Amino acid sequence: MRRPILIHPDPRLRTVCDPITEFGEDIRALKDQMLGTMYEAPGLGLAAPQIGLTKRLLVMDCAKSDEGEMPSPMCIVNPEIVSRTDETAEREEGCLSIPGTFTQIKRPAAVRVRYQDEDGVEHERDFEGLWATCVQHEMDHLDGKLFIDYLTATKRSMITQRMKRLKRDRAKG
């Protein structure tokens, strides 16, 4: 089942999410719904607040199917960055909650993340390249931060006004 994706501005996108403490079928079902929503959108990542849930859960898959890579979906629960490189990388970012907007954002080039999977099993993994950008972008969502927050106030305001018009237009049908 595809879940509706919230469009900025929406106060739920600015909420710091709560840790997940209970694991089981509900979390596995949520993971499957979120992956389905993300793939259908299409996107590389999706965080729970983007579908209106204030839970510290994100899904992502940065495998390049157009280059013959097999899908590599991940469910990341309660993530925390335990280390990051001093080296940075600048990549074009977009967001399913800010459709049609893309801009260059500079972030650490690689990060090590400690997290739990959908069953509560703890993992630690190094991410680099597109995977590093994506996991940091999605983790920002869990703290109520959007990629446009890295832009100047003027650019952020212009994008917010454009999203307000988009929401009005969609509401009109």
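Everything numeric here is computed off the predicted structure, so don't read it as measured data.

Novice: A description of the overall build of the protein should follow, citing residues and the corresponding values.
Specialist: For the protein, the count of helices and strands is 3 helices and 7 strands. Ordered by position in the sequence, the α and β elements of the protein form the string α-β-β-β-β-β-β-β-α-α. Dimensions of the protein along its principal axes, counting C-alpha atoms only, are 45 × 40 × 35 Å. For the protein, the proportion of its 173 residues judged to be buried stands at 45%. At a minimum sequence separation of 6, the contacts of the protein that also span at least 24 residues come to 65%. Only carbon and sulfur atoms are counted for the fraction: they give 47% of the accessible area of the protein, which is about 9200 Å². Taking the average location of the 26 positive side-chain charges in the protein and that of its 29 negative ones, the two points are 10 Å from each other.

Novice: I'd like to hear about the layout of surface pockets, residue by residue, with values.
Specialist: Space inside the largest pocket adds up to approximately 530 Å³. Along its surface, the largest pocket is lined by 25 residues, and G43, L44, G94, C95 and L96 are the ones closest to its centre. Elements supplying a minimum of two residues to the lining of the largest pocket: β4 (88-95), β5 (98-108) and α2 (129-142). In terms of residue class, the lining of the largest pocket is made up of 12 nonpolar, 8 polar and 5 charged.

Novice: So, the packing of aromatic side chains: which residues are in play, and what are the values?
Specialist: Summed over all chains, the structure comprises 0 aromatic pairs. Stacked on the ring of W131, the Lys or Arg R125 has its end atom at 5.5 Å from the ring centre.

Novice: Describe the environment of M74, with residues and values.
Specialist: Here M74 shows up in strand β3 (residues 74-84). According to the relative accessible area criterion, M74 is buried, its value standing at 7%. When the C-alpha positions of M74 and D117 are compared, they lie 8.2 Å apart, and in sequence the two are 43 residues distant. Setting aside anything within four residues of it in sequence, one finds M74 in contact with L58, V59, M60, Y115, R125, F127 and W131.

Novice: Which residues make up unusual backbone geometry, and what are the values?
Specialist: The omega torsion of the bond from H8 to P9 falls at -5 degrees, within 30 degrees of zero and hence cis. By the secondary structure assignment, P9 is in the segment before α1 (25-40). Following A41, the chain continues into P42 via a peptide bond in cis, with omega recorded as -10 degrees. Along the chain, P42 falls in the loop between α1 and β1 (45-47). We note that N78 has phi near 50 degrees; this positive angle belongs to a residue other than glycine. In this fold, N78 is placed in strand β3.

Novice: Give me α1: which residues, what numbers.
Specialist: In an α-helix, one full turn covers 3.6 residues, which means residues spaced three or four apart are oriented alike. With 16 residues, α1 extends 22 Å between its outermost C-alpha atoms, agreeing within 8% with the 22 Å of an ideal straight helix rising 1.5 Å per residue. Three or more residues of α1 are buried, namely I27, L30, K31, Q33, M34, L35, T37 and M38. On its buried face, α1 is in contact with β1, β2 (57-60) and β3.

Novice: Give a description of a positive patch on the surface that names residues and reports values.
Specialist: On the surface, a cluster of positive charge is contributed by R162, K164, R165, R168 and K172. Looking at the secondary structure, you find K172 in helix α3 (residues 153-172).

Novice: Tell me what's going on with the pairing of β3, and back it up with residues and numbers.
Specialist: Both β2 and β3 contribute to a ladder of 4 bridges, which runs antiparallel. Residue pairing in the sheet places M60 in a bridge with M74 of β3. In this structure, β3 lies alongside strand β6 (residues 110-116), joined through 5 bridges in antiparallel fashion. Residue pairing across strands places S83 opposite R112, the latter belonging to β6.

Novice: Give me the lowdown on the side chain of S97, citing residues and values where you can.
Specialist: Following the sequence through the fold, S97 ends up in the loop between β4 and β5. Within the local environment of S97, its side chain forms a polar contact with the side chain of Q50, the two groups lying 3.1 Å apart. Contacts of S97, omitting those with residues within four sequence positions, involve I5, L6, I7, H8, L13 and Q50.

What counts, and where the lines are drawn
Residues numbered from 1 in each chain as written. Predicted model: local features only at pLDDT ≥ 70, side-chain atom pairs only at ≥ 80, totals over all residues. Heavy atoms only, no water. Helix = DSSP H or I, 4+ residues; strand = E, 2+ residues; numbered from the N terminus. Buried < 20%, exposed > 50% of the residue type's maximum accessible area, 1.4 Å probe, protein only. Contact = heavy atoms within 4.5 Å. Areas by Shrake-Rupley, 256 points an atom, 1.4 Å probe, with all protein chains shown as cover. Lys, Arg positive; Asp, Glu negative; His and termini not counted. Charge placed at Lys NZ, Arg CZ, Asp CG, Glu CD. 1 Å grid on protein atoms, 1.4 Å probe; cavity = no way out; pocket = protein on both sides within 12 Å on 5 of 7 lines; lining within 4 Å. Points joined across faces, edges and corners; volume = space filled by probe spheres on them. Nonpolar A, V, L, I, M, F, W, Y, C, P; charged D, E, K, R; others polar. Phe/Tyr/Trp six-rings, centres within 6.5 Å; stacked < 30°, edge-to-face > 60°. Lys NZ or Arg CZ within 6 Å of the ring centre and 35° of its normal. Expected span 1.5 Å × (residues − 1). Patch = residues over 30% accessible without salt bridge, like charges linked within 9 Å, V, L, I, M, F, W, Y side chains within 5 Å. Salt bridge = Lys/Arg side-chain N within 4 Å of Asp/Glu carboxyl O. Pairing = 2+ DSSP bridges. Polar contact = N/O pair within 3.5 Å; in protein donor to acceptor, adjacent residues only side chain to side chain.

Function cannot be inferred from these measures alone, as they are strictly geometric.
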